[in-house]
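# Residue-level structural notes
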Amino acid sequence: MIDKLHDEKLKELELKANKIRQLIIETLVEAKSGHSAGPLGMADIFTAFYFHILNHDPKNPNWEDRDRLILSNGHICPVRYATMALAGYFPIEELKTLRKLNSRLQGHPHRTSLPGVETTSGPLGEGISQAIGMTLAAKLDKKNYYVYCLTSDGEHDEGNTWEAVMFAAKNKLNNLIQIIDRNYIQIDGRTENIMPLDPLKEKYESFNWNTIGIDGNDIKSFVNAIESAKLVIDKPTIIIANTIPGKGVSFMENDYHWHGKPPNKEEAEKALDELRTLQGKIESEHE
Amino acid sequence: MLNPDLKLNPKLFDQDVEVKSTRAGYGEGLLALGEKNPNVVALSADLTESTYAHLFAEKFPDRFFQCGVAEQNMAAIAAGLGISGKIPFMSSYATFSPGKNWETIRTTIIYNNSNVKIAGHHAGIMTGPDGATHQATEDIAIVRSWPNIKIIVPCDSTEGKKATVSASEIDGPVYLRFTRDKTPIMTTPQTPFEIGKIQTFWISDAPVATIFATGYMLHYALLAAKELKQQEIKVSVANVSTIKPLDKKAIITFAKNTKAFVTVEDHQVMGGLGGAIAEFLAKNIPTPMEFIGLQNTFAESGKPTELIEKYGMGKESIKEAVKRVICRKTI
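What counts and what doesn't
Residues numbered from 1 in each chain as written. Chains lettered and ligands numbered in written order. Predicted model: local features only at pLDDT ≥ 70, side-chain atom pairs only at ≥ 80, totals over all residues. Buried ≥ 20, exposed ≤ 12 C-beta atoms within 10 Å, placed from the backbone. Helix = DSSP H or I, 4+ residues; strand = E, 2+ residues; numbered from the N terminus. Pairing = 2+ DSSP bridges. Right-handed = clockwise from strand over helix to strand, strands pointing away. Contact = placed C-beta atoms within 7 Å. Core = buried A, V, L, I, M, F, W, Y, C linked by C-beta atoms within 7 Å. Domains from an automatic or database assignment. Expected span 1.5 Å × (residues − 1). Nonpolar A, V, L, I, M, F, W, Y, C, P; charged D, E, K, R; others polar. Axes fitted to C-alpha atoms, helices over the stretch in contact; angles between N-to-C directions. Parallel < 35°, antiparallel > 145°, perpendicular 65-115°, else oblique. Left-handed = near helix turned anticlockwise from the far one by under 90°.

## Focus: the pairing of strand S7 (residues 174–177) of chain B
Walk down a regular strand and you will see the side chains alternate between the two sheet faces. Residue and element names in this part refer to chain B. A two-sided burial pattern is seen for S7, the buried positions comprising Val 174 and Leu 176 on one face and Tyr 175 and Arg 177 on the other. The pairing of strand S5 (residues 117–121) with S7 spans four bridges and is classified as parallel. For Ile 118, the partnering residue across the bridge sits in S7 and is Tyr 175. Each parallel crossover has a hand, and the one from strand S6 (residues 150–152) via helix H7 (residues 157–168) to S7 is right-handed.

## Here we look at helix H4 (residues 77–87) of chain A
Residue and element names in this part refer to chain A. Among the 11 residues of H4, 10 are classified as buried, and the element is accordingly described as predominantly covered. Looking only at H4, the buried set comprises Cys 77, Pro 78, Val 79, Arg 80, Tyr 81, Ala 82, Thr 83, Met 84, Ala 85 and Leu 86. Of the surrounding elements, those touching the buried residues of H4 are helix H1 (7–31), helix H2 (37–41), helix H3 (43–53) and strand S1 (68–71). Residue Gly 88 follows H4 closely and has a positive phi angle near 100°.

## Points about the nonpolar core
Core analysis: the biggest nonpolar cluster contains 183 residues, and Ile 211 and Ala 221 of chain B have the highest contact counts within it. The element contributing the most residues to this core is H1 of chain A, with eight residues. Residue assignment places this core across two domains, with domain 1 (4–16 + 193–327) and domain 2 (20–184) of chain B each supplying three or more.

## A closer look at helix H5 (residues 127–140) of chain A
Residue and element names in this part refer to chain A. End to end, H5 covers 20 Å across 14 residues, agreeing with the expected 20 Å (1.5 Å per residue, within 8%). With 12 of 14 residues buried, H5 lies mostly within the body of the structure. Directly beyond the C-terminal end of H5, a positive phi value near 55° is found at Lys 142.

## Topic: the domain arrangement of chain B
Residues and elements named next belong to chain B. Annotation of chain B at the domain level lists domain 1 (4–16 + 193–327) and domain 2 (20–184). Placing a centre on the C-alpha atoms of domain 1 and another on those of domain 2 gives a separation of 25 Å. Facing the 33 residues of domain 1 at the interface are 32 residues of domain 2. Secondary structure elements with two or more residues in the side of domain 1 that touches domain 2: helix H8 (218–230), strand S12 (242–244), strand S13 (261–268), helix H10 (273–284) and helix H11 (304–310).

## Some words on the interface of chain A and chain B
Listed by partner, the interface residues are 20 residues for chain A and 22 residues for chain B. Top element by residues in the side of chain A that touches chain B is H5 of chain A. It accounts for nine residues. Class assignment of the residues belonging to the side of chain A that touches chain B gives a composition of nine nonpolar, eight polar and three charged.

## Notes on the environment of Ile 83 of chain B
Residues and elements named next belong to chain B. Inspection of the secondary structure puts Ile 83 in the loop between helix H3 (71–82) and strand S4 (87–93). The class of Ile 83 is buried, set by 25 C-beta atoms lying within 10 Å. For the pair formed by Ile 83 and Lys 248, sequence separation is 165 residues and the distance between their alpha carbons is 31 Å. Those residues in contact with Ile 83 that lie beyond four places of it in its chain are Asn 112 and Ser 114.

## Section: the sheet that holds strand S10 (residues 209–213) of chain B
All names here are of chain B. Across the sheet, five strands lie side by side as S9-S11-S10-S13-S14; this open sheet has mixed pairing. With partners counted over all chains shown, the strands left at the sheet margins are strand S9 (199–202) and strand S14 (289–294), one partner each. Averaged over all adjacent pairs, the angle separating strand axes in this sheet is 25°, with direction ignored. Direction of pairing for S9 relative to strand S11 (residues 235–239): antiparallel, over a ladder of three bridges. Within the sheet, the bridge partner assigned to Gln 199 lies in S11 and is Asn 239.

## Comments concerning the packing of helix H9 (residues 248–258) of chain B against H10 of chain B
All names here are of chain B. One way to put it is that H9 packs onto H10 with a least axis distance of 11 Å and a crossing angle of 65°. Between H9 and H10, the crossing angle belongs to the class labelled roughly perpendicular. Seen from above, H9 lies across H10 with right-handed handedness. On H10, the residues touching Lys 248, Ile 251, Ile 252 and Ala 255 of H9 are Ile 277, Phe 280, Leu 281 and Asn 284. Each residue belonging to the contact of H9 with H10 can be placed in one class, and the counts come to six nonpolar, one polar and one charged.

## Some points on the environment of Val 223 of chain A
Residues and elements named next belong to chain A. Mapped onto the elements, Val 223 comes out in helix H9 (residues 219–229). Placed 63 residues apart in sequence, Val 223 and Asn 160 show a C-alpha to C-alpha distance of 28 Å. In contact with Val 223, other than residues within four places in its own chain, are Ile 2, Leu 5, Ala 48, His 52 and Ile 53.

## Examining the sheet that holds S1 of chain A
Backbone hydrogen bonds hold the strands of a sheet together, and the pairing may be parallel or antiparallel. Residues and elements named next belong to chain A. Read from one edge of the open sheet, five strands run S1-S2-S3-S7-S6, paired in parallel fashion. Looking at the sheet topology across the chains shown, the edges are occupied by S1 and strand S6 (210–215). Here the strands of the sheet are splayed against their neighbours by 20° on average, with no regard to which way each runs. Pairing of strand S3 (residues 176–182) with strand S7 (residues 237–242), which is carried by six bridges, proceeds in the parallel orientation. Among the inter-strand pairings, Ile 180 is bridged to a residue of S7, identified as Ile 240. Packed on one face of the sheet, H5 meets S1, strand S2 (147–152) and S3 and runs near 175° to S2.

## Looking at the pairing of S1 of chain A
Residue and element names in this part refer to chain A. The two faces of S1 match: Arg 68 and Ile 70 on one face and Leu 69 and Leu 71 on the other face are all buried. Taken together, the four bridges between S1 and S2 define a ladder with parallel strand orientation. Residue Leu 71 lies in a different strand from S2, and its bridge partner there is Leu 150.

## What about the packing of H5 of chain A against helix H6 (residues 159–170) of chain A?
Residues and elements named next belong to chain A. It is the contact of H5 with H6, at a shortest axis distance of 8 Å, that shows an interaxial angle of 30°. Of the possible angle classes, the one that applies to H5 and H6 is roughly parallel. Residues Ile 128, Ser 129 and Ile 132 of H5 pack against Asn 160, Thr 161, Ala 164, Val 165, Phe 167 and Ala 168 of H6. Per-class residue counts for the contact of H5 with H6 are six nonpolar, three polar and no charged.

Below, the structure is given as structure tokens:
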């Protein structure tokens, strides 16, 4: 069961998401390569997972009853790393090693390099399948953990994604909850120009999935969606999270050019200024 | 003569030698494992019976996962099971798995270090009438280039069962290669089997060349050795059931003793058994070699025995290769 989300907790989570965004910018400018838009867009959902939803223990990352959080679109790993650091999996200082020699923070996540990273990912379309494997193992071992799988809309171009979607519905994997980052961008442009995915909700419904649509930058509605997904017993659920790519940094928001590049020093300063202003706003709003 | 220490099938040179497919050995091994180890699970991509996974599926339906014609999905599901404490065996035809799903296996099983056993069936031109689309003749090459994998090619059905059972005892990815057609039984249940060990099936006093064979082709190599003996050409014949990691110590010994090698495999001559041995020799102890296998071409439909002859991989071709390589020896 997830604890009730009181206003005070919500404010704490919003501030954490803001802090994670700042860490993402600081990490990317140091790494000099990597993706900006996706990680910023998903900061609210990662915050909700690590600080409210997941049954986990940062000091015991291999605890066998933990919930599994699978990141299929591995390229947004800066948000996962920043959130894990803030949650206590490893020192925040280590974020500066992202993409550098001898780092545990590989450019795309590598399971055996960093405890707490559940799978190796980056090549797209492989996350739901791996999440299914973990779900099947849970059922065989009569364990109650949930397997959450984060995917991107771009990776729904991959045939493997749909192979997995069919398998999960066939096997009624209700302990599998997929969250798609529906931000409508991919490397080459707008998703609906590159390879149209809409009507997405209807697609999933026809594939026998339970579907929930939410604003992916609204922590409260995301937590509610997870709670409602857990009530379904005969289907896997997909939460279609409409997020704003680059969320929190005005000049990155909704611009696909920021999908696959990091900010330079000046851009990072500007972004951090905006995020700190936002931080002040959150602090005063709830008072 | 046949190596008496290995307790080989005494009838292996007979016309009526018992024949059975190596894939049947996979099925029997998997079934035995199902009974022995509750963590063993199996996956198939709509080829359950022809990969002999049906024996397991019928007995242990809760531990069998039918994936449909979706090899990428099968591989990544197996990966998820493997990192969650299960020992998944996934089977399909080798052209599709590890062929079609090569990158999925690379990322989610090999680099991810998931404890998955990949069974590639219908390997080689032995697949016969189905034609070149279904004859996997590059699978060893594409799998061998991965770090963190072991490759086992059993020589007969009996060894196929042992290899399957042994693979479950290794913590990490293993590739097992099986063939479709019935081939001679050369070993017995008493024949020792160990992953990573080359075994000398045919021994001679003062051999002048070594024939390294993998899979059912070992039988052609033994037939060749027997006939060469009648022509006063003495050779050793070694069964290389583990292609990765190579038994380097054994290869060095053979290189010093015989100074000439012939490799025999139902696979492209590029990147398979011959390639693996050549890479090792070039650095350590350069030795003249001849390569029996598919010579940089696709094969076609036909009876396996007809294909073996047409593509120069049979007993006579092996004998000729031995004679050629002996001539190339430097004194």
